[in-house]
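# An overview of the molecular structure
This is what each chain is made of:
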Amino acid sequence: MITWTTLAGTGGPTFAVLSALTLLFGVTAAVAVVFHIRGSRRRIREKKQEIIFRKKLFDLLTESTEDIFILFSPENFEAEYISPNLDRVLGLDTETIRRDLRPLLFEPAPGGSGQTPTQETLSAIPMGGTWTGERDIFHTKTRELRWFKQIIHRCTLEGSERLILMLSDRTHERQMYEALGEALHTARAANQAKSNFLANMSHDIRTPMNAIVGFSVLLDKNAENPERVREYTRKIAYSSQHLLSLINDILDMSKIESGKTSLNLTEFSLPEMMEELYTMILPQTRTKGQDLELYTKGQLPELLLGDKLRLNQVLINLLSNGVKYTQEGGHIALTVQALEQNAPGRAHLRFQVADNGFGMSETFVQNIFDPFAREETEHTREIQGTGLGMAITKNIVDLMGGAITVQSRLGEGSAFTVELELTIAGGERDDAFWQRRGITRLLVVDDEEDVCRNIQSAMEGTGVETAYATRGEEAVELAARAHEQGRGFHIILLDWNMPGMNGVETARRIRSQVGRDAPILALTSYDLEEARQAAGSETGIELFLLKPFFVSSLQRAVSQLEGREDVKPDPDSPAPGEASLAGLKVLAAEDNEINAEILLELLEMEGIRCEIVPNGREAVERFAHSQAGEFDAIFMDIQMPVMDGYEAAQAIRTGDHPLAKTIPIIAMTANAFEEDVQAALAVGMNAHTAKPIDMEQLKAVMVQLLRPEDKGPS
Ligand code: ADP
């Protein structure tokens, strides 16, 4: 070790050496300091660059996302950092927000929902802790509400407290979530509806089945008691009918739903259709003591081209529901109105079925057309139904290109409106009809002023001036005055059933005032025959017309009076379908023994002899070997072993029997859809009847094919 003693001892270092060493140390230190300073500056520069780079990177990242980041002081709510996507995501000005974050942070969006933080919310966030919520925020430029997740986090930065607000746009996710929720709800509801339906079906099918099985047993036990037998068979027949209509509904529904239904357009008469509807529904309303009214409005065409069966089905469904869901003594009305035409040659029609019955709740009405939907209230609980009728109805109306709407109020009643367009058939109205006969003045008498006005509007353009009276007395006065002035009415059309002076009395008085000047016709909602009998022959009423009024019905009545045609059918001539079929002989192909037995018995009751063969092949062979005239007709089941009905019919038609081409072949099958009818006709059969056998229908078909001359007036 070198010590100063040793150096001193050897004479020691000189001052110059010491100075040089000091200088060397000094320079070295200076150089080191310079290097150090330069290094620090470089590091600071690098750090700054890194900070800038990171900010740019962060800006870039946030720019491309829907998430907004804001760093702010909880003291004064000034923002130190705002991600640059603020304007794009929320349409907000960065500078305004930078100065004061409170409006964005605390103010809820007008009309929006969710959770907006408060000052207390912020204060409650601990250091390092987070608050999370979701809410709507208004986009100031697109003016839409968007759904945001908000996260607020408390932290320290450089020794002072800061809050970080993160807003994350979840609108899309929320919409998806809601859609999924809805889909799930729909799926659950459908599943529930299906379960309800199966439970209902099981109950609805079992109820009539139970009756059929039960009464069959009772029938067997009481075979010797004719009264009981009659009662049980009536109940069995009723239950079977119910079961059949239930099955028909289910099949119809599933067929329409699978898109397999097409419309079958034919020409039909609107007045006839309404008359048929009336006749069909009247017995139901009578049982419940309800009144049924049919009205027409506007200038309705008589002949239309459309699917009459399906239109009927729609109106029958609506009318039967009207009856079913209306209390005893209630009121059901069908109004058919001609709306303004949208295209020449096309009738724009409105059918409305209204009742003053139980009505439906607003919520139920929204779902009324869903299959199996039924509303359970104290009134409807006991009423039988499947909830399929309205779904079928809506499907048919859609198929026809129409629209159906419902208005209803619980306890007040319902109105179903169907609007559709149908092609007008049979050309223009014959307005010259009236001029040719010199008919220019018509008097209408009806206590319902609306009915009078509707007749007046229907007669517009015919050249017939229509006056009306709403009371019998007024009508007598009007008719007498017009008669005195030499401007007597050419036709007087009376409502048969008026309060006060009724139709009969009014007619009598008018007759006594004006003599036999003008024909008096009566409009009635009742059975025509009933009305005729009730009126007797002395009233002066010449003819009865069924309501609602149609110009064409009045024309027909006038023609009838001119021709002095007897309106009453000849009581001796059999009604349609009543012609005697006794003595006919048929060949029937039927593989099911029970069905064969039923057919044999039913035909036997009509005096028709029948020979049964168990399949198509045997039917072909039996017919081929038969004498000409041995059989009058062939009944053909379709689904049979060995050879089906289609093949058999074709084989018969192409065979060389002298009657091969002409013998009537009637398909008699459980395949009852329209295409089954078409398929039967396509292979050369003459007609189609559905099983279970409806004897009246079968007889009508047979009369048409085998006794056309006995058909009676059609
Ligand atoms: P249902 O076989 O039950 O009668 P629908 O499909 O015809 O089936 O009708 C569905 C439901 O709509 C009925 O169960 C009933 O609750 C309600 N509804 C239909 N028509 C009427 C009406 N005219 N008045 C009150 N409720 C009705």
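Here goes a summary of the coordinates provided.

Cut-offs and rules
Residues numbered from 1 in each chain as written. Predicted model: local features only at pLDDT ≥ 70, side-chain atom pairs only at ≥ 80, totals over all residues. Heavy atoms only, no water. Helix = DSSP H or I, 4+ residues; strand = E, 2+ residues; numbered from the N terminus. Rg over C-alpha atoms; globule rule 2.2 N^0.38 Å. Contact = heavy atoms within 4.5 Å. Areas by Shrake-Rupley, 256 points an atom, 1.4 Å probe, with all protein chains shown as cover. Pairing = 2+ DSSP bridges. Axes fitted to C-alpha atoms, helices over the stretch in contact; angles between N-to-C directions. Phe/Tyr/Trp six-rings, centres within 6.5 Å; stacked < 30°, edge-to-face > 60°. Lys NZ or Arg CZ within 6 Å of the ring centre and 35° of its normal.

## Quick look at the overall build of the protein chain
Secondary structure assignment for the protein chain yields 23 helices and 22 strands. Against the globule reference of 27 Å for 714 residues, the protein chain gives a C-alpha radius of gyration of 46 Å, more extended than a compact globule. In terms of principal-axis extent, the alpha carbons of the protein chain reach across some 170 × 80 × 50 Å. Residue pairs in contact within the protein chain that sit at least 24 positions apart in sequence constitute 64% of those at least 6 positions apart. On the protein chain, roughly 39500 Å² of surface is accessible, and the fraction owed to carbon and sulfur atoms is 53%.

## Topic: the sheet that holds strand β2 (residues 79-82)
Read from one edge of the open sheet, 5 strands run β2-β1-β5-β4-β3, paired in antiparallel fashion. Edge positions in the open sheet fall to β2 and β3 (130-138), since each of these has one partner strand only. On average, adjacent strands in this sheet sit at an angle of 20° to one another, irrespective of strand direction. Pairing between strand β4 (residues 145-157) and strand β5 (residues 160-169): 10 bridges, direction antiparallel. By the bridge assignment, Cys155 is partnered in β5 with Arg162. Along the sheet, helix α2 (residues 15-63) makes contact with β1 (67-72) and β2, crossing β2 at roughly 60°.

## So, the packing of aromatic side chains
Within the structure shown, the criterion is met by 5 aromatic pairs. Taking the centre distance of 5.7 Å and the plane angle of 75° together, the rings of Phe77 and Phe106 count as edge-to-face. Taken together, the residues Phe77 in the loop between β1 and β2 and Phe106 in helix α5 (residues 102-106) connect sequence positions 29 residues apart. Grouping aromatic residues by their ring pairs yields a cluster made of Phe72, Phe77 and Phe106. Geometry around Trp147 places Arg174 over its ring, the cationic atom sitting 3.7 Å from the centre. In this arrangement the basic side chain of Arg437 is found over the ring face of Phe433, its NZ or CZ atom lying 3.8 Å from the centre.

## A word on the sheet that holds strand β19 (residues 609-613)
With respect to topology, 5 strands assemble into an open sheet ordered β19-β18-β20-β21-β22, the strand pairing being parallel. At either end of the open sheet lies a strand with only one pairing partner, and these are β19 and β22 (687-690). Taking each pair of neighbouring strands and ignoring which way they run, the sheet shows an average axis angle of 25°. Where strand β18 (residues 585-589) and β19 come together, 5 bridges link them in parallel fashion.

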